[in-house]
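Survey of secondary and tertiary structure
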Amino acid sequence: MEPFARIGNNLSADFVNTVVSFDHDGGTLRSANDVVDFLATTGAIAAAEAERLRIRVTDAVAAERFLATALELRTAVRAALTAIERHEPLGNDPLASINAILAADAGFEQLAPHGGGYHVERRHMLDDPAIALVPIARDIARLIATPNAPVRQCAGEDCVRHFYDDSRTGRRRWCEMAICGNRAKVSAFVKRQRAGR
Ligand SMILES: [Zn+2]
């Protein structure tokens, strides 16, 4: 299983950060199963739902469609984070992609016998694996709808990772101190050495 760097401090940011992989090109979501792993690892979906989804994507066509839908959502979420960071409005394409996933959640409640009593179950109108992506769409929708949500892109040179900064000071700059923070320190040190020569 792919290791997912959970440095975003938020589901949308962690999802967008899957564009980066330090082991190989192409990010950490390269198959439908990778997407299921991501959703299960982040707790976006429950273990039982992940198992059902894994069975669904043993079908090659379903797997391909699910991966394509997930990657389209990732592009939209990435555009949304950038729009928030730049205080710009969201483009029509990402807005439509996010709303399409939110629409997959359309459902209704049913009363069902449960453990000698009853409970209310949520049922979906569509039997579409895209429903598993709804938690991400909900998360990014909530962020966009929050004025001045504290999301930022890492200040590291060429770094494309994003994070949600809920630190007390609100001054987090780096995706990971050990990666971009230290690199910036070394580069500032080298510059000072050169200037001193
Ligand atoms: Zn970084």
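We now turn to the structure provided with this report. Sequence positions are assigned chain by chain, starting from 1 and proceeding in written order. In view of the model being predicted, local features appear only for residues whose pLDDT reaches at least 70, and side-chain atom pairs are presented and counted only at 80 or more, with totals across whole chains, interfaces and linings using the full set of residues. Hydrogens and water molecules were not included; the side-chain quantities draw on all heavy atoms of the structure.

**Notes on the coordination of the zinc ion**
Think of the donor list as every N, O and S atom within 2.8 Å of the metal, or within 3.2 Å for Na, K and Ca; water never makes the list, so a site can look incomplete. Protein ligation of the zinc ion involves Cys154 (SG), Cys159 (SG), Cys175 (SG) and Cys180 (SG), the donor distances falling in the range 2.3 to 2.4 Å. Note that the zinc ion binds four donor atoms; their angles at the metal cover 106 to 114°, and the shape is tetrahedral. Here a site with four donors is tetrahedral if all angles are between 85 and 135 degrees, and a site with four or six donors is square planar or octahedral if opposite donors are over 155 degrees apart and the other angles are between 65 and 115; anything else gets the irregular label.

**Describing the pairing of strand β1 (residues 107–114)**
The rule for pairing is simple: two strands pair if DSSP sees at least two bridges between them. Here a strand is any run of E in DSSP of at least two residues, a helix any run of H or I of at least four, and the numbering for each starts at the N terminus. Strand direction decides the pairing type here: β1 and strand β2 (residues 117–124), joined by eight bridges, are antiparallel. Each residue of the ladder has a partner; that of phenylalanine 108, found in β2, is arginine 123. Between β1 and β2, which pair antiparallel one after the other, the connecting turn spans two residues, and glycine 115 there sits at a positive phi close to 50°.

**With respect to the side chain of threonine 42**
By the secondary structure assignment, threonine 42 is in the loop between α2 (32–41) and α3 (47–56). Pairs of N or O atoms are called polar contacts if they sit within 3.5 Å, as long as, within protein, a hydrogen donor faces a hydrogen acceptor (for residues adjacent in sequence, only side-chain-to-side-chain pairs). In this structure the side chain of threonine 42 is engaged in a polar contact, spanning 3.2 Å, whose partner is the backbone oxygen of leucine 39. Aside from chain neighbours lying at most four places away, what touches threonine 42 is Arg6 and Leu11. By definition in these notes, contact holds between two residues if any of their heavy atoms fall within 4.5 Å.

**Side note on the packing of aromatic side chains**
Working definition: rings of Phe, Tyr and Trp (its six-membered ring) pair if their centres are within 6.5 Å, and the pair is stacked with planes under 30 degrees apart, edge-to-face with planes over 60 apart, and tilted otherwise. Following the criterion strictly, the structure yields two aromatic pairs and no others. Arranged with centres 5.4 Å apart and planes meeting at 80°, the rings of phenylalanine 4 and phenylalanine 38 form a pair that is edge-to-face. Here phenylalanine 4, found in the segment before α1 (11–16), pairs with phenylalanine 38, found in helix α2; they are 34 residues apart in sequence, far enough to count as distant. Assessed through its relative accessible area of 13%, phenylalanine 4 is described here as buried. Seen in terms of ring centroids, phenylalanine 15 and phenylalanine 38 are 5.5 Å apart; in terms of plane orientation they differ by 45°. Their pairing is tilted. Note that phenylalanine 15 is positioned in helix α1 and phenylalanine 38 in helix α2, a separation of 23 residues in sequence. Each residue gets one of three labels from its accessible area relative to the maximum for its type: buried under 20%, exposed over 50%, partly exposed in between, using a 1.4 Å probe on protein chains only. Judged by its relative accessible area of 0%, phenylalanine 15 falls in the buried class. Each residue in the set Phe4, Phe15 and Phe38 is aromatic and connected to the rest through ring pairs, giving one cluster. Positioned above the aromatic ring of phenylalanine 163, the side-chain terminus of arginine 172 is 4.1 Å from the ring centre. Each ring is checked for a lysine NZ or an arginine CZ that lies within 6 Å of its centre and within 35 degrees of its normal; such an atom marks a charge sitting over the ring.

**Things to note about the nonpolar core**
Judged by nonpolar contacts, the single largest core of 38 residues is most densely connected at Leu39, Phe66, Leu133 and Ile136. Counting only elements with at least two residues in this core, the list comes to α1, α2, α3, α4 (60–86), α5 (92–103) and α6 (134–145). At ten residues, the largest contribution of residues to this core is made by α4. Setting aside chain neighbours within four positions, we find leucine 133 in contact with Val35, Leu39, Phe66, Thr69, Ala70, Leu73 and Ile101. Buried Ala, Val, Leu, Ile, Met, Phe, Trp, Tyr and Cys residues form a nonpolar core when they are joined through side-chain atoms within 4.5 Å.

**Digging into the environment of glycine 107**
One can find glycine 107 in strand β1. When the C-alpha positions of glycine 107 and asparagine 10 are compared, they lie 26 Å apart, and in sequence the two are 97 residues distant. Residue contacts for glycine 107: discarding those within four places in its chain leaves Arg122, Arg123, His124 and Met125.

**Describing the side chain of serine 97**
By secondary structure assignment, the location of serine 97 is in helix α5. Not counting residues up to four positions away in its chain, the partners in contact with serine 97 are Glu72, Leu73 and Ala76.

Everything listed is a geometric property; what it means functionally is a separate question.
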